[in-house]
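Letter by letter, the chains look like this.
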Amino acid sequence: MATKLVPTPGQTVGPFYGYALPFEKDNELLPPGFPGSIRLQGTVYDGAGHTIPDAILEIWQPDAEGKVVQRTGSLVRDGYTFTGWGRGAVGNTGVYTFTTVNPGPTKPGAAPFISVALFARGLTNRLFTRIYLPEDTEALANDPLLSSLDPERRKTLIARRDADGGLTFDIRLQGEGETVFLDFQ
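Presented here is a report on the structure given in the accompanying data block. (Residues numbered from 1 in each chain as written. Predicted model: local features only at pLDDT ≥ 70, side-chain atom pairs only at ≥ 80, totals over all residues. Heavy atoms only, no water.)

### Overview of the overall build of the chain
- In terms of helices and strands, the chain carries 3 helices and 9 strands.
- Each principal axis of the C-alpha distribution contributes one length, and for the chain these read about 65 × 40 × 35 Å.
- Relative to all contacts within the chain whose residues are 6 or more apart in sequence, the contacts with residues 24 or more apart total 70%.
- Carbon together with sulfur atoms contributes 54% to the accessible area of the chain, which is approximately 10,800 Å² in total.
- In the chain, the 17 positive side-chain charges and the 21 negative ones have mean positions that sit 4 Å from each other. (Helix = DSSP H or I, 4+ residues; strand = E, 2+ residues; numbered from the N terminus. Contact = heavy atoms within 4.5 Å. Areas by Shrake-Rupley, 256 points an atom, 1.4 Å probe, with all protein chains shown as cover. Lys, Arg positive; Asp, Glu negative; His and termini not counted. Charge placed at Lys NZ, Arg CZ, Asp CG, Glu CD.)

Structural data, given as structure tokens:
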């Protein structure tokens, strides 16, 4: 007689991060003040517009020339090696920050972007999105993902350039201005 097995119920992906995920300089893909470095910052909001104080973001990106870096050392920052990967916890005010570089296009005419994975309370799986640079409007208009979205949704993937040269990118999990999230199933 066969027994029917039921699936184990899902659990949220957080906020159980304090033990193994954080590491020293995890949000510094380059040290602050390093030539060419910028600050990437933003706030994570829930569906009601409240900040989420206990999320974690991971970013992956090419270097400033558009090369996808394939060097080891992401978990041990040496202050010189750009690995293209970082992890940053959202602070008590819902704000995250990374020190990185403006990613270059991976091929001529492509729109440069930073890939993001978000882990937060209440989520049963991490969420994926992208952060596009705002300057090259022609490349943005020709990007396959962006051009598949209506203009209001498209705006949720394009960062704002700050006066100091850095980038601001807010993430909204639901509601008005909800960030576009990608499904890689």
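There is more to say, and it comes next.
### Some points on the pairing of strand β2 (residues 56-60)
- Of all 5 residues in β2, 4 are buried; the element is thus mostly enclosed.
- The sheet contact formed by β2 and strand β5 (residues 113-119) spans 5 bridges and is antiparallel. Residue pairing in the sheet places Ile-59 in a bridge with Val-116 of β5. (Buried < 20%, exposed > 50% of the residue type's maximum accessible area, 1.4 Å probe, protein only. Pairing = 2+ DSSP bridges.)

### Side note on the layout of surface pockets
- One number sums up the size of the largest pocket: a volume of about 180 Å³.
- Along the walls of the largest pocket sit Lys-155, Thr-156, Ile-158, Ala-159, Arg-160, Thr-168, Phe-169, Asp-170, Arg-172, Gly-177 and Thr-179, which together make up its complete lining.
- In the lining of the largest pocket, the residues fall into 3 nonpolar, 4 polar and 4 charged. (1 Å grid on protein atoms, 1.4 Å probe; cavity = no way out; pocket = protein on both sides within 12 Å on 5 of 7 lines; lining within 4 Å. Points joined across faces, edges and corners; volume = space filled by probe spheres on them. Nonpolar A, V, L, I, M, F, W, Y, C, P; charged D, E, K, R; others polar.)

### Focus: the sheet that holds strand β6 (residues 127-132)
- Here we have 4 strands laid out as an open sheet, ordered β3-β2-β5-β6, and antiparallel in their pairing. In the strand order of this sheet, the two ends are held by β3 (85-89) and β6, each with one partner. Strand-to-strand twist in this sheet, taken as the mean axis angle between neighbours without regard to direction, amounts to 25 degrees. (Axes fitted to C-alpha atoms, helices over the stretch in contact; angles between N-to-C directions.)

### Focus on the packing of aromatic side chains
- Tallying each qualifying case throughout the model produces 3 aromatic pairs.
- Measuring from ring centre to ring centre gives 5.2 Å for Phe-128 and Phe-184, while their planes differ by 80 degrees; the resulting arrangement is edge-to-face. Here the residue Phe-128 occupies a position in strand β6, and Phe-184 occupies one in the segment after β9 (171-172), the gap between them amounting to 56 residues.
- Residue class for Phe-184 comes out exposed when judged on its relative accessible area of 59%.
- The lysine or arginine in question, Arg-130, covers the ring of Phe-113, its NZ or CZ lying 3.9 Å from the ring centre. (Phe/Tyr/Trp six-rings, centres within 6.5 Å; stacked < 30°, edge-to-face > 60°. Lys NZ or Arg CZ within 6 Å of the ring centre and 35° of its normal.)

### Brief notes about the pattern of salt bridges
- Applying the stated criterion across every chain yields a total of 6 salt bridges.
- Residues Arg-121 and Asp-54 are paired through a salt bridge, measuring 3.1 Å at the closest nitrogen-oxygen approach. Taken as a pair, Arg-121 in the loop between β5 and β6 and Asp-54 in the loop between β1 (38-45) and β2 lie far apart in primary sequence, 67 residues in all.
- Of the residues examined, Arg-121 reaches a relative accessible area of 41% and is grouped as partly exposed.
- For the salt bridge of Asp-170 with Arg-160, the shortest nitrogen-to-oxygen distance reads 3.8 Å. Remark: Arg-160 occurs in strand β7 (residues 160-161) and Asp-170 occurs in the loop between β8 (167-168) and β9; sequence separation between them is 10 residues.
- Arg-160 gets classed as partly exposed once you look at its relative accessible area, which sits at 47%. (Salt bridge = Lys/Arg side-chain N within 4 Å of Asp/Glu carboxyl O.)

### Looking at the nonpolar core
- Core analysis: the biggest nonpolar cluster contains 27 residues, and Leu-40, Val-44, Leu-57, Tyr-96, Ile-131 and Ile-171 have the highest contact counts within it.
- Looking at this core, the elements with two or more residues in it are β1, β2, β4 (95-100) and β5.
- Once residues lying within four places of it in the same chain are set aside, the contact partners of Ile-171 are Thr-43, Val-44, Tyr-45, Leu-57, Val-116, Leu-118, Thr-179 and Phe-181.
- By size, the runner-up hydrophobic cluster in this structure holds 14 residues, among which are Ala-111, Ala-139, Leu-140 and Leu-145. (Core = buried A, V, L, I, M, F, W, Y, C linked by side-chain atoms within 4.5 Å.)

### Considering the pairing of β5
- For β5, the buried fraction is high: 5 of the 7 residues fall into the buried class.
- Of the strand pairs in this sheet, β5 and β6 are connected by 6 bridges, and their pairing is antiparallel. Residue pairing in the sheet places Val-116 in a bridge with Thr-129 of β6.

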